[in-house]
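So you can see what is in the structure, the chains are spelled out below.
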Amino acid sequence: AQKVTQAQTEISVVEKEDVTLDCVYETRDTTYYLFWYKQPPSGELVFLIRRNSFDEQNEISGRYSWNFQKSTSSFNFTITASQVVDSAVYFCALSAYSGYSTLTFGKGTMLLVSP
Amino acid sequence: DAGVIQSPRHEVTEMGQEVTLRCKPISGHDYLFWYRQTMMRGLELLIYFNNNVPIDDSGMPEDRFSAKMPNASFSTLKIQPSEPRDSAVYFCASSPMGRGSYNEQFFGPGTRLTVL
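A brief report on the enclosed structure follows.

What counts, and where the lines are drawn
Residues numbered from 1 in each chain as written. Chains lettered and ligands numbered in written order. Predicted model: local features only at pLDDT ≥ 70, side-chain atom pairs only at ≥ 80, totals over all residues. Heavy atoms only, no water. Helix = DSSP H or I, 4+ residues; strand = E, 2+ residues; numbered from the N terminus. Rg over C-alpha atoms; globule rule 2.2 N^0.38 Å. Buried < 20%, exposed > 50% of the residue type's maximum accessible area, 1.4 Å probe, protein only. Areas by Shrake-Rupley, 256 points an atom, 1.4 Å probe, with all protein chains shown as cover. Contact = heavy atoms within 4.5 Å. Phe/Tyr/Trp six-rings, centres within 6.5 Å; stacked < 30°, edge-to-face > 60°. Disulfide = S-S within 2.5 Å. Salt bridge = Lys/Arg side-chain N within 4 Å of Asp/Glu carboxyl O. Nonpolar A, V, L, I, M, F, W, Y, C, P; charged D, E, K, R; others polar.

## Digging into the overall build of chain A
Logical step 1: Of regular secondary structure, chain A possesses 0 helices and 12 strands.
Logical step 2: Ordered by position from N to C terminus, the α and β elements of chain A give β-β-β-β-β-β-β-β-β-β-β-β.
Logical step 3: Its C-alpha atoms give chain A a radius of gyration of 14 Å, within 12% of the compact-globule value 13 Å for 115 residues.
Logical step 4: Along the three orthogonal principal directions, the C-alpha set of chain A runs to about 45 × 25 × 20 Å.
Logical step 5: Within chain A, buried positions represent 48% of all 115 residues.
Logical step 6: Carbon and sulfur atoms make up 50% of the accessible area of chain A, which amounts to about 5,600 Å² in all.

## Structural notes on the overall build of chain B
Logical step 1: When helices and strands are counted, chain B shows 0 helices and 11 strands.
Logical step 2: In sequence order, the secondary structure elements of chain B are arranged as β-β-β-β-β-β-β-β-β-β-β.
Logical step 3: Relative to its length of 116 residues, chain B is compact, with a C-alpha radius of gyration of 14 Å against a globular reference of 13 Å.
Logical step 4: For the C-alpha atoms alone, the extent of chain B along its principal axes is close to 45 × 30 × 25 Å.
Logical step 5: Buried positions account for 47% of the 116 residues belonging to chain B.
Logical step 6: Across chain B, contacts joining residues at least 24 apart in sequence account for 54% of those joining residues at least 6 apart.
Logical step 7: Surface accessibility of chain B: about 5,900 Å² in total, with carbon and sulfur atoms responsible for 49%.

## Brief notes about unusual backbone geometry
Logical step 1: A cis amide bond links S7 of chain B with the next residue in sequence, P8 of chain B, at an omega value of -10°.
Logical step 2: Of note, the phi angle at S73 of chain A is positive, near 50°, even though the residue is not glycine.
Logical step 3: Residue classification places S73 of chain A among the partly exposed residues on the basis of a relative accessible area of 23%.
Logical step 4: A positive phi is found at A81 of chain A, a non-glycine position, where the angle reads about 50°.
Logical step 5: Its place among the elements puts A81 of chain A in the loop between β9 (74-79) and β10 (88-96).

## Quick word on the packing of aromatic side chains
Think of a pair of aromatic rings as described by two things: how far the centres are apart, and how the planes are tilted against each other in angle.
Logical step 1: A full pass over the atoms with the stated rule returns 23 aromatic pairs over all chains.
Logical step 2: Taking 6.0 Å as the distance between ring centres and 85° as the angle between the ring planes, the aromatic pair formed by Y64 of chain A and W66 of chain A counts as edge-to-face.
Logical step 3: Between Y35 of chain B and F107 of chain B the ring centres are 5.3 Å apart and the planes differ by 40°, which places this aromatic pair in the tilted class. Pair noted here: Y35 of chain B is in strand β4 (residues 31-38) and F107 of chain B is in strand β10 (residues 106-107), with a separation of 72 residues, a long-range link. Neither residue differs from the other here; Y35 of chain B and F107 of chain B are each classed as buried.

## Description of the state of the cysteines
Logical step 1: In this structure the tally under the stated criterion is 2 disulfides over all chains.
Logical step 2: The side chain of C23 of chain A participates in a disulfide bridge whose partner is C92 of chain A; the two sulfur atoms lie 1.9 Å from each other. Handedness of the C23 of chain A-C92 of chain A disulfide follows from its S-S torsion of about -65°: it is left-handed. Residue C23 of chain A is found in the loop between β3 (19-21) and β4 (24-26), and its partner C92 of chain A is found in strand β10; the two are separated by 69 residues along the sequence.
Logical step 3: Owing to a relative accessible area of 0%, C23 of chain A belongs among the buried residues under this scheme.
Logical step 4: There is a disulfide in this structure between C23 of chain B and C92 of chain B, and the S-S distance comes to 1.9 Å. In this structure, the disulfide formed by C23 of chain B and C92 of chain B twists by about -65° around the S-S bond and is classed as left-handed. With C23 of chain B in strand β3 (residues 19-24) and C92 of chain B in strand β9 (residues 88-95), the pair connects residues that are 69 residues apart, well separated along the chain.

## Quick look at the interface of chain A and chain B
Logical step 1: Contact residues are listed per partner, giving 19 residues for chain A and 20 residues for chain B.
Logical step 2: On the surface where chain A and chain B come into contact, there are 0 salt bridges.
Logical step 3: Looking at the side of chain A that touches chain B, the elements with two or more residues in it are β5 (32-39), β6 (46-52) and β10 of chain A.
Logical step 4: Element by element, the count of residues in the side of chain A that touches chain B is highest for β5 of chain A, at 4 residues.
Logical step 5: Taken together, the residues of the side of chain A that touches chain B break down into 10 nonpolar, 6 polar and 3 charged.

Right, dumping it as structure tokens:
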């Protein structure tokens, strides 16, 4: 069975602070995909990133970066110099790699960035 | 390109009434998913279709819920009779299949359902 745990329910920071959202997963698959989605106050779910399990290189996209560590089954997400527009709920998700598989989502972390 | 389209965006109904939620997936996508989001349970997969055929409906909470996909461009999720505990945001998502699809799902804006 697959499981995704986002232990942080809510995080509050002040603008320009760096913030890291934690994601820990469990799976019996040797290859799999990991995802992050963003849900802003408007409610839609926006895809941010997908990683496959055999590529452990960290990824950076602007102020966003992701740290994938297979040894600790973690896929953490860092926002550098946070902005008010980053306020949202962030979901980590997992799927199997072979064939087609559904996404298993974590419960989400609500990030509040105040000015 | 249009994304996943859901209607209505908001629905308020009274307990016992039938509710029908609608979804138009992205053209060319082979998979369609229905999710429910609540504060208590987060995002739950209710059912998904592949090429209009239901593949896994184990997430459907009970017989009051039913979903159909009569063609590649339309799906419905019906609740009959509705109960207050069905109040939630219901998302539809679609996904392409084939090499390079990477299981990425594209979500609609959601339907916020309130059952009084």
